[in-house]
2 protein chains.
Amino acid sequence: MKVTREEVFRLHAQICKALADPSRLLIIVELRHGSRTVSELSRAIGAAQPLTSRHLGILREKGVVRAERDGTFVRYSLSDRRILGAIDLLLDVLASQLARQGLRSSAARRLRPALRSA
Amino acid sequence: MKVTREEVFRLHAQICKALADPSRLLIIVELRHGSRTVSELSRAIGAAQPLTSRHLGILREKGVVRAERDGTFVRYSLSDRRILGAIDLLLDVLASQLARQGLRSSAARRLRPALRSA
DNA sequence: TATGGATATGCGGATACAGGCATGTCCTGG
DNA sequence: CCAGGACATGCCTGTATCCGCATATCCATA
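The sections below set out a description of the structure shown in this document. All figures in this text were calculated on a predicted structure; none of them were measured in a lab.

Here we look at the protein's contact with DNA strand D
Step number 1: DNA strand D sits among 22 residues. The nearest are A:Ser39, A:Gln49, A:Ser53, A:Arg54 and A:Tyr76.
Step number 2: Across the atoms of DNA strand D situated within 4 Å of the protein, the share located in sugar and phosphate is 65%.
Step number 3: Within the side chain of A:Ser53, an N or O atom sits 2.3 Å from a phosphate oxygen of DNA strand D.
Step number 4: Top contributing element to the surface near DNA strand D by residue count: helix H4 (residues 49-61) of chain B, with five residues.

Some points on the interface of chain B and chain A
Step number 1: Facing the 43 residues of chain B at the interface are 43 residues of chain A.
Step number 2: Both sides together, the interface formed by chain B and chain A hides about 4100 Å², and carbon and sulfur atoms give 77% of it.
Step number 3: There are zero salt bridges connecting chain B and chain A.
Step number 4: Broken down by secondary-structure element, the contributors of at least two residues to the side of chain B that touches chain A are helix H1 (5-19), helix H2 (22-31), helix H5 (82-100) and helix H7 (111-116) of chain B.
Step number 5: In terms of residues, the side of chain B that touches chain A owes the most to one element, H5(B), which gives 14 residues.
Step number 6: Its residues placed into classes, the side of chain B that touches chain A shows 27 nonpolar, seven polar and nine charged.

Focus on the relation of the copies chain B and chain A
Step number 1: Here chain B sits on chain A after a turn of 180 degrees about the axis and a move of 0.0 Å along it, with an RMSD of 0.0 Å. Viewed as a symmetry operation, the transformation between the two copies matches a two-fold axis. If distances are taken from each C-alpha of chain B to the rotation axis, the shortest is found for B:Ala86, at 2.1 Å.
Step number 2: Looking at chain B, 100% of its interface residues are interface residues in chain A too, so the copies touch through the same face.

Here we look at H2(B)
All names here are of chain B.
Step number 1: The element H2 is extensively covered by neighbouring structure, given that eight of its 10 residues are classed as buried.
Step number 2: Along H2, the residues classified as buried are Arg24, Leu25, Leu26, Ile27, Ile28, Val29, Glu30 and Leu31.
Step number 3: A distance of 2.9 Å separates the backbone nitrogen of Ser23 from a side-chain oxygen at the start of H2, and that oxygen is part of Asp21.

Quick notes on the protein's contact with DNA strand C
Step number 1: The environment of DNA strand C is made up of 21 residues, and the closest members are B:Ser39, B:Gln49, B:Ser53, B:Arg54 and B:Tyr76.
Step number 2: Of all DNA strand C atoms lying within 4 Å of any protein atom, the proportion belonging to sugar or phosphate reaches 59%.
Step number 3: In the environment of DNA strand C, a base nitrogen lies 2.8 Å from a nitrogen or oxygen atom belonging to the side chain of B:Gln49.
Step number 4: Looking at the surface near DNA strand C, the elements that each hand over two or more residues are helix H4 (49-61) of chain A together with helix H3 (38-45), H4 and strand S3 (73-78) of chain B.
Step number 5: In terms of residues, the surface near DNA strand C owes the most to one element, H4(A), which gives five residues.
Step number 6: A per-class count over the surface near DNA strand C returns eight nonpolar, eight polar and five charged.

Some thoughts on the sheet that holds S3(B)
Sheets are built from strands paired through backbone hydrogen bonds, the pairs being either parallel or antiparallel.
Residue and element names in this part refer to chain B.
Step number 1: Spatially, the three strands line up as an open sheet ordered S1-S3-S2, and their pairing is antiparallel. Each of the sheet's edge strands pairs with one partner strand only, and the pair in question is strand S1 (36-37) and strand S2 (65-70).
Step number 2: Inspection of the sheet shows S1 paired to S3 by two bridges, in the antiparallel sense. For Arg36, the partnering residue across the bridge sits in S3 and is Tyr76.

Considerations on the state of the cysteines
Step number 1: Going through the model one piece at a time under the given rule, you end up with zero disulfides over all chains.
Step number 2: Of all cysteine sulfurs in the structure, the one in B:Cys16 sits closest to A:Cys16, which takes part in no disulfide; the separation is 7.1 Å.
Step number 3: Of the residues examined, B:Cys16 reaches a relative accessible area of 2% and is grouped as buried.

Section: the side chain of A:Lys62
Step number 1: Summarising the element assignment, A:Lys62 is placed in the loop between H4 and strand S2 (65-70).
Step number 2: Ignoring sequence-local partners within four residues, the contact set of A:Lys62 consists of A:Gln14, A:Ile15, A:Ala18 and B:Gln97.

Describing H3(B)
All names here are of chain B.
Step number 1: Val38, Leu41, Ser42 and Ile45 are the residues of H3 that are buried. Angular distribution of buried residues about the axis of H3 spans 105 degrees; they occupy a single face of the element.
Step number 2: Those residues of H3 that are buried are in contact with H2, S1, H4 and S3.

Section: the sheet that holds strand S1 (residues 36-37) of chain A
Residue and element names in this part refer to chain A.
Step number 1: Spatially, the three strands line up as an open sheet ordered S1-S3-S2, and their pairing is antiparallel. Each edge of the sheet is formed by a strand with only one pairing partner; in this case those strands are S1 and S2.
Step number 2: Two strands pair when backbone bridges link them, and S2 and strand S3 (residues 73-78) are joined in this way by six bridges, in the antiparallel orientation. Paired with Arg66 across the two strands is Ser77, which belongs to S3.
Step number 3: Helix H2 (residues 22-31) rests against S1, S2 and S3 of the sheet, and its axis sits at about 90 degrees to S3.
Step number 4: Along the sheet face, H4 touches S2 and S3 and points at about 120 degrees away from the line of S2.

Analysis parameters
- Residues numbered from 1 in each chain as written.
- Chains lettered and ligands numbered in written order.
- Predicted model: local features only at pLDDT ≥ 70, side-chain atom pairs only at ≥ 80, totals over all residues.
- Heavy atoms only, no water.
- Near = heavy atom within 4 Å.
- Polar contact = N/O pair within 3.5 Å; in protein donor to acceptor, adjacent residues only side chain to side chain.
- Helix = DSSP H or I, 4+ residues; strand = E, 2+ residues; numbered from the N terminus.
- Contact = heavy atoms within 4.5 Å.
- Buried area = accessible area lost by both parts, 1.4 Å probe.
- Salt bridge = Lys/Arg side-chain N within 4 Å of Asp/Glu carboxyl O.
- Nonpolar A, V, L, I, M, F, W, Y, C, P; charged D, E, K, R; others polar.
- Least-squares fit on C-alpha atoms with pLDDT ≥ 70 in both.
- Buried < 20%, exposed > 50% of the residue type's maximum accessible area, 1.4 Å probe, protein only.
- Pairing = 2+ DSSP bridges.
- Disulfide = S-S within 2.5 Å.
- Arc of directions from axis to C-beta.
- Axes fitted to C-alpha atoms, helices over the stretch in contact; angles between N-to-C directions.

Now the structure itself:
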């Protein structure tokens, strides 16, 4: 099975696109601490169940998240912890940007932990 | 200056969105080794100049890239090396996915260095 | 200041995505 | 087998994005 250079970039962009939505980032942050059912995530991100399901479908399709059935529930979990590393790095980049723009730097430095515990 | 939690997630998603395009990833990879002019990047990614300029505008707007004038040229460079770390992590995630799907694992393991030198 | 190279932007059509609503599917307990 | 809870999906509308083309802007030099 061969994968062309262009295909790799296309897939790489697909993964980035999966992360490129506030609700989906919220989902990922929520999954940091363990697996969650759809209704739990729905409540956590404050979105309707069908919408949450759709976002999870996108994340699942791009391999960011994994689903497993548990009775009538479906439990979702992160399929690769390195994704957390990536979004944390980008969050750090954002913090630097905000700091440069005049946000109190103490607040900027606290950005990541604040979101983690959320 | 205060930044709400929702605003942070929106901005975070904006940065991800800036990375969520094959041409823009190509640009970033090309900038890994130093600054480049628009026409250099245009040739490197095989896109028309106006399109390249547009992609650069998006990257600049989201703070991924920085521009500085140099005569009639404009030299672009990465504004934060941590972005490379983030996309490398995601590339590793992709490599694992492909490996799991039956790509020869040796090829998968070589994915990142192959793209780096490109 | 006029010209030409380098870069940016306005416009338009095609495509893709977000979100709301209704409905379908899957599973368990009775 | 039936009912109901948990989840997924089809349809629709508005909005954003991609890309090509033409054109505008900026800058150095003559």
